[in-house]
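Topology and contacts: notes
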Amino acid sequence: MSERSPETGPRRTDLHPDVEAMLAALDAGFPDVTQHDPAELRDIIRARRAPLARQPDMATARDLTIDGPGGDLRLRVFVPHSPTGDSDPTLPVVVFAHGGGFVFCDLDSHDEFCRSMAQAVGVVVVAVDYRLAPEHRAPAAMEDVYRALCWTAEHIEEFGGDPDRIALAGDSAGGNLAATVSLAARDRGGPAVVAQVLLYPVIDDDLDTESYRRFGVGYYNTTAAMRWYWDQYAPEGRDSALVIPTNAASLTGLPPAVVATAELDPPCSAGEDYAKRLESAGVPVIAHRFDGLFHGFLTFPQLSLTPPAREEVWRMMREILGRESDETIWSAK
């Protein structure tokens, strides 16, 4: 992952020192995904993961299994503590799809992130352990997240969640799933979705955008890795909007969106373009680019720039969910 090319040149010299140090550590320690069998890759990444801390503490953090399109589908439901100590009114809900190139990561890899989201935004989070590629190719992951959305609409009141205020969210590949499930819910007459939160989303398979040309090598996530991820998830059949949302004939009628991109991320340009297309279709959009940061940074809480960036994401989520007045109550500790 530390390769360089004449087209890309050396890494920028104006990066924050902590970002430079993190990128160097990732270059040295994160496996080149293109050189491993997917099952082996999952084992390598899981073995390097820190022990699960189960923090911040939740009022409820429950694993459960529902019937999914491909068999058992695991969910993890996070309910935050009331900041006042009293019982709170029904909370908005976020159905969350994790990143990992459609190939790796799981409920544990994003446990801390989902807990922090639940606490800071003041929402019930339903994390989805969707089927992974290449064993389960597109649109299997999308169908699993859609099924989780339907289950949430039917059952989330049992956890203090509001079935009329359900948002979809995801980071990286999960951002793709949040976008495609939003389309599926619209087109299938499925549960109403009040917002979609797309965090450095993998929107499409165009590997020749400006951000790919500028940051496709040397910034943790690479063009070669992105090509490999797409080949695992959707080696063919990418014409469907349920695989690549920009293939939709229209984006009209989709839920309001938060689109957060990272400047140093190859998919950045596509994410920004999708935000503009949503706006052109009349969809309310809150878009923000995190300059000087790289793909995946929100799940690296040890990076000094991540906590303030998370605060901005939480603020945008509260805004899109109509919880601005709760900002001083539901705030990250």
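An unreviewed UniProt entry lists the chain under the name Esterase, with Gordonia terrae NBRC 100016 given as the organism.

1. With respect to the UniProt feature "active site" (unreviewed entry) in the chain
As annotated in UniProt, the feature "active site" (unreviewed entry) corresponds to S172 in the numbering used here. Structurally, S172 can be placed in the loop between β5 (161-171) and α5 (173-188). With residues near it in sequence (within four places) discarded, S172 still touches G99, L199, Y200, P201, V202 and H295.

2. Description of the UniProt feature "domain: Alpha/beta hydrolase fold-3" (unreviewed entry) in the chain
UniProt marks residues 94-298 with the feature "domain: Alpha/beta hydrolase fold-3" (unreviewed entry), using the numbering shown here. Annotated as 36% helix and 19% strand, the span residues 94-298 places its first and last C-alpha atoms 17 Å apart.

3. Thoughts on the pairing of strand β1 (residues 60-68)
Inspection of the sheet shows β1 paired to strand β2 (residues 71-79) by nine bridges, in the antiparallel sense. The residue of β2 that forms the bridge with G68 is G71. Adjacent in sequence and paired antiparallel, β1 and β2 are bridged by two residues.

4. Considering the pattern of salt bridges
Following the criterion strictly, the structure yields 27 salt bridges and no others. In this structure, R46 engages D106 in a salt bridge whose closest nitrogen and oxygen atoms are separated by 4.0 Å. Separated by 60 residues along the polypeptide, R46 in helix α2 (residues 38-47) and D106 in the loop between β3 (91-97) and α3 (111-122) bring together distant segments of the chain. Taking the relative accessible area as the measure of exposure, R46 reaches 41% and is therefore partly exposed. Judged by its relative accessible area of 15%, D106 falls in the buried class. A salt bridge links R315 to E312, with the nearest nitrogen and oxygen atoms 2.7 Å apart.

5. Details of the nonpolar core
Residues Y233, F294 and F297 are the most contacted members of the largest nonpolar core, which totals 119 residues. Ignoring sequence-local partners within four residues, the contact set of Y233 consists of F102, A133, R137, A138, P139, A141, M142, L177 and V243.

6. Points about the sheet that holds strand β7 (residues 257-262)
Taken in spatial order, the eight strands of this open sheet run β1-β2-β4-β3-β5-β6-β7-β8, and their pairing is mixed. Strands with a single pairing partner mark the edges of an open sheet, and in this sheet they are β1 and β8 (285-290). Taken pair by pair, the neighbouring strands of this sheet meet at an average axis angle of 20°, ignoring direction. The pairing of β5 with strand β6 (residues 195-199) spans five bridges and is classified as parallel. Paired with A169 across the strands is V197, a residue of β6. In this fold α5 packs onto β3, β5 and β6, with an angle of close to 135° to the strand it touches most, β5.

7. Comments concerning the side chain of D111
Structurally, the position occupied by D111 is in helix α3. There is a polar contact of 2.6 Å between the side chain of D111 and the side chain of R115.

8. Overview of the pairing of β7
Here β7 lies mainly inside the structure; six of its six residues are buried. Residues A257, V259 and T261 point to one face of β7 and V258, A260 and A262 to the other, with burial holding for every one of them. In the sheet, β6 pairs with β7 via four bridges, with the strands oriented parallel. Considered in β7, the bridge of L199 is made with A260. Inspection of the sheet shows β7 paired to β8 by six bridges, in the parallel sense.

9. Quick notes on helix α7 (residues 223-233)
Of all 11 residues in α7, eight are buried, a share of seventy percent or more. Every buried residue belonging to α7 is among T223, A225, M226, W228, Y229, W230, Q232 and Y233, and all of these are buried. Buried residues along α7 sit against α2, α4 (140-155), α5 and α6 (210-215).

10. Some points on helix α9 (residues 306-320)
Taking 1.5 Å of rise per residue, the 15 residues of α9 would be expected to cover 21 Å, and the 21 Å separating its terminal C-alpha atoms lies within 8% of that figure. Of the positions making up α9, those classed as buried are T306, A309, R310, V313, W314, M316, M317, R318 and I320. Contacts from the buried residues of α9 go to β3, α3, β6, β7 and β8. Where α9 terminates, the next one or two residues include G322, which has phi positive at roughly 70°.

So, how was this worked out
- Residues numbered from 1 in each chain as written.
- Predicted model: local features only at pLDDT ≥ 70, side-chain atom pairs only at ≥ 80, totals over all residues.
- Heavy atoms only, no water.
- UniProt positions renumbered as here; feature names shortened; annotations may be inferred.
- Helix = DSSP H or I, 4+ residues; strand = E, 2+ residues; numbered from the N terminus.
- Contact = heavy atoms within 4.5 Å.
- Pairing = 2+ DSSP bridges.
- Salt bridge = Lys/Arg side-chain N within 4 Å of Asp/Glu carboxyl O.
- Buried < 20%, exposed > 50% of the residue type's maximum accessible area, 1.4 Å probe, protein only.
- Core = buried A, V, L, I, M, F, W, Y, C linked by side-chain atoms within 4.5 Å.
- Axes fitted to C-alpha atoms, helices over the stretch in contact; angles between N-to-C directions.
- Polar contact = N/O pair within 3.5 Å; in protein donor to acceptor, adjacent residues only side chain to side chain.
- Expected span 1.5 Å × (residues − 1).

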